[in-house]
Amino acid sequence: MLLLSLLIIPFAGSLIASLLPTNARNTEAWLAGIVALSGFILCLFAYPQVVDGGIIRQEYDWIPSLGLSFILRMDGFAWMFATMVTAIGFLVVLYARYYMSPEDPVPRFFSFFLAFMGAMLGLVISGNIIQLALFWELTSLVSFLLIGYWHHNAAARRGARMALTVTATGGLCLFAGLLVLGHIAGSYDLDVILTMGDKVRGHHLYTTCLILILLGALTKSAQFPFQFWLPHAMAAPTPVSAFLHSATMVKAGVFLLARFWPVLAGTDEWFWIVGGAGLCTLLLGAYAAIFQQDLKGLLAYSTISHLGLITLLLGMNSPLATVAAIFHILNHAAFKASLFMAVGIIDHETGTRDIRRLSGLYKAIPHTATLAIVASAAMAGVPLLNGFISKEMFFAEAIVTGYVRAEPYLEYILPAAVTLAGMFSVTYSLRFILGAFFGPKATDLPREPHEPPRWMRVPVELLVFVCLLVGILPSLTVDPFLHTAALGVLGSEMPQFKLALWHGFNMPLLMSVLALAGGIVIYWLLKNYLNSKQCEGSPGVRRLNGKQIFEGALKRLTSAASRLEGFLGSRRLQPQLTLLVCVPVFVAWLVIRNTDIRPGNMPLTPIDITFTLMWIGGAICALGSAYLAKYHRLASLIAMGGAGLVTCLTFVWFSAPDLALTQLTVEVVTVVLILLGLRWLPKRMGVSDVNIVSLTRRSRDFIIVTIIGVGMSLLSYFVMTRPVPTSSSDSFLTKAYAEGGGTNVVNVILVDFRGFDTFGEITVLGVVALVVYALLRRFRPAAGSIENPSQQDSTTASGSDWPVADVEDKATGYMFVPSIIMRMVFPVIALISVYFVMRGHNSPGGGFVGGLIMSVAIILQYMAGGTTWVEKRLNLHSQAWIGAGLLFAGIAGAGSWWFGYPFLTSHSPHPVLPFIGELPLPSAFVFDLGVFLLVVGATTLILIALAHQSVRSHRVAPATKTKGS
Amino acid sequence: MEIIVALAIGILTAAGVWLLLRPRTFQVIIGLSLISYGVNLFIFSMGRLSVNKVPVVEPGATIDPSLYADPMPQALVLTAIVIGFAMTALFLVVLLAARGLTNTDHVDGKESEA
């Protein structure tokens, strides 16, 4: 439970934080603080269980069918990270309370912040590598949101996008790598994988797996050549930088390297890739940091460089170096978080972070200045501070590795390179201290600096205190914890080590002294150049601007993609549809090309002459409809209706009364629907301009269409002449009455056997009706269609044979007689529709048919009586019908839960009622009633919404800007 | 009879696809309806043609499935007809809205250059 609560508390806190009002700065901070603190306390409670190589493990079923479990696992190393995340998280919350200004929407900040903490904790305590990849991506996503927190700022947006692109791409590689790793190990369980080191390293997929995982780790930890995103992520609020970009997120990469160190390390590939990337990053980062003018930029490059140091240590393939790496992870988190906070205070107090403008701040803010000076001394590796101890270990390991590897010159190059990096770090630390705090008092600062609020300094004080404590008394303070953490990574390979301030006069000490002295000299040499105007960017590597390369690459990628799209794609519908119909034809040809396909040998049903004549008419209708659709829409629509009617008769002929009924009613409704739409289409008079282009296009289409028509005919003929294979139809037929309680098998299938499909279908119908309604509410007709059509206009229609329509009062105009008839027929049709619903379970009919008949009854009133007349008398709440329909169907389905059966199990009681006698009343009937209500609602909603357009007054649609072709 | 139904399916589909490839929205909507007829008949014909074998069973009697028309394609087609109506309605409204916004009834929202 302990680990689960550790994981859930931050996410729950994030959810609560997002719901608090915008101005609840204190509540938010309290909430976030309590969350972080309780996480920290949970970690403290967990410590006794992880000391001496213990592991806490909790397993929950995730996707048992795939053998995946959700595993939470904490060993000493994960404990160290979890403690670091929660502890620094708490301090950052405290700091952020004072840092964030009242105008900033704090709920968003703390909500993201806590979600990030949760993701980070989830990452470190994942016991399953797929789960690990999931939390990994989550940290990338949330950090994107945090970097882009001030989204009104273009730099923040760009930085966030860059960070996300780089880290999430790396995350995908990592995911692939972890899948390969899981494949090699045969398990995704971290505990199993950690024992498989030899198998993994000996596998032929080792290099693939290694490179993929390293791409993930190196992008996340901003290692060369992916380091460029980190400085741009500095657009985030400073608490975010302090937390994410020094202490936690960028450490996820080195966490991963250390986590899989026992499995992946120990090979030459590991040494050269990890060590090489680490060394490059260490040097480049430190070098670039010297030339930064922005304090945060300096810290960002210094972070890159220190992460390079840790990566290099991990790449050395030596257990002791790994211990040093873990130690430096802790030390760096302590001094870098405090430095970021100090820079945040300076920014807050003075309004600038430019080293050239800042000067002499020591006099204004002596307290903060002292803290920052101590922390940057730790960063430079000055004795008596924590950075010194881990740097000594680093130097020692560099010498040892240089010897052990026995590569030519490596024993000189490696120590020299790390000493040089040490000098650089001294230089930029000096620049930070001397540039900001000493010298003459700056006069042109945007704000007059003062000491920040008391509690804003407390987190910095605590962290600096830790730096000092660890630096002076390492063996008494950090030693046991470091031992626990390193044991979690190294297990049986754990080396003996003793942290101490003084190791005697040896090489590492000499290198430290050299670094300090060299750093001071370099600073002294560069001082004037650095503070001058022409110092922009780092000399020598200016051309190596990762941001420009990255953005250039992205731009080229985008333009290549759009060129490819322009080349391969089309925005025009016709080519798309042509392709769409040709591809299936082609695929069908591929399939049947080598098969001997011929008609089956089932006896044919004798040809009936009436049926033949019927379809001659049907074919004429279909072809006529196609021919007339361009210039004679009404005629085409009528012809289409004719083809529909013949289809309907075919259903009658071949024993499908339900289909015939449905087809007939749908036909009526569809024709009315399209008739209503005709009015809004442009006039088109019958002069066809035939030219060579249209002629070729038409001949091409004619060929396609002929192939399709012939193909469909042959296909259906071949199938129809073969015997029916056994299908579930037989069981539907035999079980319809016995289990479904109805004799009309088609209806029983719809409302009972496949009731869930029907439920989905009526939902779709309801959604479509609402969409239609919504689209029509904002309907703007084209300019040419606003006037009443000439047939309705008395001035143009006089003299013709057409009766003049009186739109205002149809009921007393030329539609007088029909409207009276319709009024009288209305109850009769309604009764028929109810009759069809009620008998539907046993005879042809049912909810669909009944609903459509009912809507026809209503539509007839509209047509004959006119919209105004009907709506004065009948208030039809179509949406309510839709709602009621879904409700009925849902209740009929959910009712079976009450009796312990699955959703939509039907039940058919046969109660005996007075006067009526025995009445079969299956629960499916309630369902069908729901179908009925919904169909009525949906159909009338669609038709009436469309009909209303004719009585509405319209504004013309705004002229659309025609884009260049 | 099979031949006639097969030809009917072919003609309906061909006429429908022809209209689908035309440039005017109204042609496309009519084409979709014709294709619906063709495809519905096609699915229906998968249960084979049977005259006077309505799938309405006698309650209580033992049932010989070969004496009835195949109910499953019928159930499928029934839902297909209703969904086809919904599709036509939605497409019609989109068509009208597009015509209102673009001032043309061309499927691309602008007259072709050709």
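The present account deals with the structure reproduced in this document. Because the structure is predicted, anything quoted here is derived from the model rather than measured.

**Looking at the nonpolar core**
In terms of nonpolar packing, the biggest core is built from 201 residues, with Met-74, Leu-181, Trp-229, Phe-260, Leu-264, Trp-270 and Phe-432 of chain A touching the most fellow members. For this core, the element with the highest residue contribution is helix α16 (residues 319–350) of chain A, accounting for 19 residues. Residue contacts for Phe-432 of chain A: discarding those within four places in its chain leaves Leu-295, Leu-298, Leu-299, Leu-339, Val-343, Ala-372, Ser-376 and Phe-437 of chain A. One finds Phe-611 and Ala-660 of chain A together with Ile-4 and Tyr-68 of chain B within the second-largest nonpolar core, a separate group that totals 110 residues.

**Brief notes about the interface of chain B and chain A**
The interface of chain B with chain A comprises 84 residues on the first partner and 111 residues on the second. Carbon and sulfur atoms make up 77% of the area that chain B and chain A hide from each other, which totals about 9,000 Å². Among the residues of chain B in contact with chain A, Met-1, Arg-48 and Phe-85 of chain B are the three that bury the most area, contributing 9% of the side total. One can count three salt bridges joining chain B with chain A. A salt bridge links Asp-108 of chain B to Arg-572 of chain A, with the nearest nitrogen and oxygen atoms 3.7 Å apart. At the junction of chain B and chain A, the tally comes to 20 residue pairs in polar contact (both at pLDDT 80 or more). Contributing elements (two or more residues each) for the side of chain B that touches chain A: α1 (2–20), α2 (25–45) and α3 (71–102) of chain B. Broken down by element, the residue count for the side of chain B that touches chain A peaks at 25 residues, all from α3 of chain B. Taken together, the residues of the side of chain B that touches chain A break down into 58 nonpolar, 16 polar and 10 charged.

**So, the packing of aromatic side chains**
Per the stated rule, a full pass over the model turns up 31 aromatic pairs over all chains. Centre to centre, the rings of Phe-271 of chain A and Trp-272 of chain A are 5.0 Å apart; their planes meet at 80°, and the pair counts as edge-to-face. Note on Tyr-717 of chain A and Phe-718 of chain A: the rings are 6.5 Å apart at their centroids and 55° apart in plane angle, and the pair reads as tilted. When its relative accessible area of 13% is taken as the criterion, Phe-718 of chain A is described as buried. Residue placement shows Arg-633 of chain A over the ring face of Phe-26 of chain B; its charged tip is 5.8 Å from the ring centre. If you follow Arg-22 of chain B out to its NZ or CZ, it ends over the ring of Trp-18 of chain B, 4.1 Å from the centre.

**Some words on the packing of helix α33 (residues 755–777) of chain A against α3 of chain B**
Running from amino to carboxyl end, α33 of chain A crosses α3 of chain B at an angle of 15°, the nearest separation of the two axes being 9 Å. Taken together, the axis directions place α33 of chain A and α3 of chain B in an arrangement best described as roughly parallel. Both α33 of chain A and α3 of chain B take part in a crossing whose hand is left-handed. Packed against α33 of chain A, whose contacting residues are Glu-761, Val-764, Leu-765, Val-768, Val-771, Val-772, Leu-775 and Leu-776 of chain A, the element α3 of chain B presents Thr-79, Val-82, Ile-83, Ala-86, Ala-89, Leu-90, Val-93 and Val-94 of chain B at the interface. Looking at the contact of α33 of chain A with α3 of chain B, its residues break down into 14 nonpolar, one polar and one charged.

Cut-offs and rules
- Residues numbered from 1 in each chain as written.
- Chains lettered and ligands numbered in written order.
- Predicted model: local features only at pLDDT ≥ 70, side-chain atom pairs only at ≥ 80, totals over all residues.
- Heavy atoms only, no water.
- Core = buried A, V, L, I, M, F, W, Y, C linked by side-chain atoms within 4.5 Å.
- Buried < 20%, exposed > 50% of the residue type's maximum accessible area, 1.4 Å probe, protein only.
- Helix = DSSP H or I, 4+ residues; strand = E, 2+ residues; numbered from the N terminus.
- Contact = heavy atoms within 4.5 Å.
- Buried area = accessible area lost by both parts, 1.4 Å probe.
- Salt bridge = Lys/Arg side-chain N within 4 Å of Asp/Glu carboxyl O.
- Polar contact = N/O pair within 3.5 Å; in protein donor to acceptor, adjacent residues only side chain to side chain.
- Nonpolar A, V, L, I, M, F, W, Y, C, P; charged D, E, K, R; others polar.
- Phe/Tyr/Trp six-rings, centres within 6.5 Å; stacked < 30°, edge-to-face > 60°.
- Lys NZ or Arg CZ within 6 Å of the ring centre and 35° of its normal.
- Axes fitted to C-alpha atoms, helices over the stretch in contact; angles between N-to-C directions.
- Parallel < 35°, antiparallel > 145°, perpendicular 65-115°, else oblique.
- Left-handed = near helix turned anticlockwise from the far one by under 90°.

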